[in-house]
Amino acid sequence: WYDAYLGVVVLVRIVDGQMKKGQTIRMMGTGAKYQVDRVAALTPKLVVIPELGPGEIGVFTASIKEVADTRVGDTITEDKRPTDKMLPGFKPAQPVVFCGLFPVDAADFEDLRAAIGKLRLNDASFSYEMETSAALGFGFRCGFLGLLHLEIIQERLAREFDLDLIATAPSVVYRMTLTDGSETELHNPADMPDVVKIATIEEPWIKATIMTPDDYLGAILQLCQERRGIQTDLAYVGSRAMVTYELPLNEVVFDFYDRLKSISKGYASFDYQLAGYREGDLVKMQILVNEEPVDALSMLVHRAQAEKRGRVMCEKLKDLIPRHMFRIPIQAAIAGKVIARETISAMRKDVTAKCYGGDVTRKRKLLEKQKEGKKKMRQFGRVEIPQEAFIQVLKVDG
């Protein structure tokens, strides 16, 4: 855990040898070297002792200010007489759901970095790496064990560290087999390689168990079918039904839980566990604003759901992007083919207001001149998408 005065306080169990004040130690996982400041036992309060021996459990501090240098499950060895291999048994937790966390105010980025580092000490299953977005600036791509874990971390960052955050819509880890035979993992849809280089894409599936009163069963089955679910079991216990479904995790992380709670009036309970990866007909959907792709809005969707998801995104953006002096097309496209479109009409000046009567050709001439100007403006004009629009579109519906 982190102490504002002592730095990182590390809880250790001694397997072999002694640990005492003044000793130079090395973290085998990260390679960081430190000199021990104090060795103590927990009784339960901290009591400073001369040394810790084999089989004993205690804590030590070494003025460790870099939170990233310490990992839960790491092996510590003496720097002068190091051991050759790490102690077995600890594996890093595998994140399942990924989500981008960005500060609302760009000036809070360093505070967010420090806060995430401190949280990582208490929660070894939480992983993060820095990422930049053209729309939202600097932030972190964070990995979580599930949706509940995501909500807990988000709440802790907001409450304990007083941060205002934007969370992008959660996504999952996809496995890709490329045409050259190599395998790779895809965390962010914006990093997806060219379609011709991809042989297959696999997505994670879950085994979901839903308990619900009998009255809401029909609506819940319909919801699961909409989300590409495969029913494996249905059992009754009195007036309650227990239904088991296999579902793609990609369909669950978006708004499945909210929909489940609303159609069952809050009575349905939902539990899931990972059931491995399966090949799917997945495509990268890009959103184009004024014929320019917006990286922050690209997502991986199933081909059957792409048109519906694209139409919803375009309609949302049409309401959120302010009107400009020229017409703005908003398009959802897959591999260059447009599947949904909305258009924001241009703000226009009434150029014929000064024409009192006269021949109609005078009015037509002025309108043609305006039309040419709008065409040129659209060619060179840039669309400024306000940050509020990104927040609304990317926001996790809570």
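Residues numbered from 1 in each chain as written. Predicted model: local features only at pLDDT ≥ 70, side-chain atom pairs only at ≥ 80, totals over all residues. Heavy atoms only, no water.

Asks: Could you give an account of the pairing of strand β6 (residues 38-42), with specific residues and numbers?
Replies: Summarising the sheet, β6 and strand β9 (residues 57-61) pair through 3 bridges and their orientation is antiparallel. Across the sheet, Ala40 pairs through a bridge with Val59, a residue of β9. Sheet analysis places β6 next to strand β7 (residues 46-48), joined by 3 bridges and oriented antiparallel. Residue pairing for β7: Ala41 is matched across the bridge by Val47. Count of turn residues in the β6/β7 antiparallel hairpin: 3 residues. (Pairing = 2+ DSSP bridges. Helix = DSSP H or I, 4+ residues; strand = E, 2+ residues; numbered from the N terminus.)

Asks: Explain the environment of Cys355 to me, and be specific about the residues and the numbers.
Replies: One can find Cys355 in the loop between β26 (337-344) and α6 (360-380). In the structure, Cys355 is positioned 11 residues away from Leu366 in sequence and 9.6 Å away in space, judged by C-alpha atoms. Among residues more than four places away in sequence, those in contact with Cys355 are Arg362, Lys363 and Leu366. (Contact = heavy atoms within 4.5 Å.)

Asks: I'd love a proper account of the pattern of salt bridges, names of residues and values included.
Replies: For the structure shown, the criterion picks out 14 salt bridges. With its nearest N and O atoms 3.9 Å apart, the salt bridge here joins Glu251 to Arg309. Of this pair, Glu251 sits in helix α4 (residues 249-263) while Arg309 sits in helix α5 (residues 303-320), and the two are 58 residues apart along the sequence. On the basis of relative accessible area, Arg309 is assigned to the buried category, the value being 17%. Look at the salt bridges and you will find they share partners, linking Glu203, Arg228, Glu251 and Arg309 into a network. (Salt bridge = Lys/Arg side-chain N within 4 Å of Asp/Glu carboxyl O. Buried < 20%, exposed > 50% of the residue type's maximum accessible area, 1.4 Å probe, protein only.)

Asks: Which residues make up a nonpolar patch on the surface, and what values do they have?
Replies: A surface patch of nonpolar side chains, about 490 Å² in accessible area, is lined by Trp1, Leu11, Leu42, Leu46 and Ile57. The topology assignment puts Leu46 in strand β7. Looking at Leu46, the relative accessible area reads 40%, which means it is partly exposed. (Patch = residues over 30% accessible without salt bridge, like charges linked within 9 Å, V, L, I, M, F, W, Y side chains within 5 Å. Areas by Shrake-Rupley, 256 points an atom, 1.4 Å probe, with all protein chains shown as cover.)

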